[in-house]
Amino acid sequence: MAFPIPSRQLFIDGEWREPIKRNRIPIINPATEETVGDIPAANAEDVEAAVSAARKALKRNKGRDWAATSGAHRARYLRAIAAKVSERKDHFVKLETMDSGKPLDEVALDIDDVSTCSEYFAGQAEALDDKQKYPVKLPMDRFKSHVLRQPIGVVGLISPWNYPLLMATWKIAPALAAGCTAVLKPSELASVTCLEFGEVCNEVGLPPGVLNILSGLGPDAGAPLVSHPDVDKIAFTGSSATGSKVMGSAAQLVKPVTLELGGKSPIIVFEDNDLDIAAEWAIFGCFWTNGQICSATSRLLVHESIAAEFVDRLVKWTEKIKISDPFEEGCRLGPVISKGQYDKIMKYISTAKSEGATISCGGSRPEHLKKGYYIEPTIVTDISTSMQIWREEVFGPVLCVKTFSSEDEAIELANDTEYGLAAAVFSKDLDRCERVTKALEVGAVWVNCSQPCFCHAPWGGVKRSGFGRELGEWGIENYLNIKQVTSDISDEPWGWYKSP
Ligand code: NAD
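Throughout this document, residue positions are counted from 1 along each chain, in the order its sequence is written. Since the coordinates come from a predicted model, pLDDT governs what is reported: local features require at least 70, and pairs of side-chain atoms require 80 or more to be given and counted, while whole-chain, interface and lining totals use all residues. Where side-chain values are given, they derive from all heavy atoms of the structure, hydrogens and water being excluded.

Named according to an unreviewed UniProt entry, the protein chain is Aldehyde dehydrogenase originating from Halostachys caspica. UniProt positions are given in the numbering used here, feature names are shortened, and annotations may be inferred rather than shown by experiment. The UniProt entry for the protein chain carries the following text under Sequence similarities (unreviewed entry): "Belongs to the aldehyde dehydrogenase family." Under the heading Pathway (unreviewed entry), UniProt records this for the protein chain: "Amine and polyamine biosynthesis; betaine biosynthesis via choline pathway; betaine from betaine aldehyde: step 1/1."

**Things to note about a nonpolar patch on the surface**
Together, M140, W494, W496 and Y497 make up an exposed nonpolar region whose accessible area comes to about 630 Å². The helix count covers DSSP runs of H or I at least four residues long, the strand count covers runs of E at least two residues long, and both are numbered beginning at the N terminus. For M140, the location among the structural elements is in the loop between β5 (134-136) and β6 (143-151). Relative accessible area decides the class of each residue, using a 1.4 Å probe on protein chains only: under 20% of the type maximum gives buried, over 50% gives exposed, and in between gives partly exposed. Residue classification places M140 among the partly exposed positions, given a relative accessible area of 44%. Without a salt bridge and with relative accessible area above 30%, a residue can belong to a patch; like charges are then joined within 9 Å and nonpolar side chains (Val, Leu, Ile, Met, Phe, Trp, Tyr) within 5 Å. In these tables, accessible area is a Shrake-Rupley quantity obtained with a 1.4 Å probe, and a residue counts as shielded only by the protein chains included in the view. By salt bridge we mean one thing: a side-chain nitrogen of Lys or Arg within 4 Å of a carboxyl oxygen of Asp or Glu.

**Topic: the sheet that holds β6**
Two strands form a pair only when DSSP identifies at least two bridges running between them. Taken together, the 3 strands give an open sheet; going across it, the order is β5-β6-β20, and neighbouring strands pair in antiparallel fashion. Of all strands in the sheet, those with a lone pairing partner are β5 and β20 (480-488), marking the two edges. Going across the sheet, the axis of each strand differs from the next one's by a mean of 30°, ignoring polarity. Angles shown run from 0 to 180 degrees and are taken between the N-to-C directions of axes, each axis being a line fitted to C-alpha atoms and, for helices, limited to the stretch in contact.

**Topic: the pattern of salt bridges**
Tallied over the entire structure, the rule returns 36 salt bridges. A salt bridge links E87 to K84, with the shortest nitrogen-to-oxygen separation between them at 3.5 Å. With E87 and K84 both in helix α2 (residues 71-87) and 3 residues apart, this pair spans about one turn of that helix. A salt bridge links D105 to R332; the nearest nitrogen and oxygen atoms lie 2.9 Å apart. Placement of D105 in helix α4 (residues 104-131) and of R332 in the loop between α10 (307-319) and α11 (339-354) is noted, with a sequence separation of 227 residues between them. The structure contains a network of salt bridges with shared partners spanning D13, E15, R17 and K56.

Given below as structure tokens:
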């Protein structure tokens, strides 16, 4: 890994500013455990400056420069951002691969998705112009009503580390399309590409303050952003535990939130499948992104009649996964993000063993990798539903397997979780797939696949996986206020009171 890691400051009001307290957080390469640079650490005073810059940008020239301009005008910036990210793809891919430990091939797809998502929301910004003054039919001819869609205002965007720049873009692109101004707080574990994004904003001439980027710790930078009285909305992606704190804090000011939280998603495999096709999707659905996927289909429910054969195929497919430095050609599994995550995942595996589960493959550090936070892709069988590993989000490359004997039992087991982000169902019987899809208590269902995700379709969970929908035409609505405008179009007096 011989390329320089840029040393950035906080991005506030279109400028690079040193954090007021001058604190920095080390950047640790998860593949080598080496410190390769550092990022600025914002605190409440920096949040204050960023929110004030965002407010100024919202109101500048009475909103005519941004918030009250046309969607088509804002779309031009989003398209320019998409083009600039594509032009700089190599730079972003290298930095993200180093910072996150994700295989280079995956990161390349993520960075393409950043451009696609920005382009997509440019289209949504343009479409917004046609939805303005949307007429509302009233039961009295005397009145006419229409609806305006206006930006919510200054929004706080808090994102996780598993798709660093992409998860941030899922929020930045619709927020900017809607005409909001924003303060982004990426994860302290992977902020490098999000900070680089500031440079892109300046290069495309985004008005200063429209997007501000504050790296920093959750309690120091995230919490003051959530509780700031001049932030009109929070869009949060992260763990359910932090999401609950965010919601509690926002509730003090009756501030709207959208929460994209954790999951423990099921994948149901019926007996009528091509076993190799289903096995490849099953391991992809859990081991992609080094197993750190919110929607990982990490609870495999397989029909008892094919279970032994299917687990055997799963193990064979898993043993073929190339585990290596994420920059190595053909890498399909890199290290997890941090020492903290490594220890947590290993603890889940050892607890599973002590509770009586069987580790059918993996479960340890790969022998050929002495350094780095690597964990073998792990398949756990002989599971009971009370086991911690079956109930809690591991957020690592660990797939748990359980059998079922009937469609009803599969649905019951699938829904027996406090989470509700996603699910997958595999069967050649499409009627059965449809029945099961309807019965699953989740925000997304994959039929005969797992994980393909497109910014054109809605994304979000139910139950403790959160609420609100990002992406698609629903995504922009998160950042818009609906204003009713009703006019009396008659020249006649209203006539309710006696005239004086
Ligand atoms: P996390 O909750 O630890 O952190 C998420 C973000 O919140 C980070 O930027 C962090 O600094 C910030 N934060 C921490 N404490 C805060 C506080 N008190 N106030 C405000 N902000 C605070 O989550 P993580 O470890 O970064 O990410 C992993 C989690 O994210 C997993 O649970 C995963 O399922 C979830 N996730 C969900 C989705 C989804 O779309 N539903 C997508 C990706 C990740």
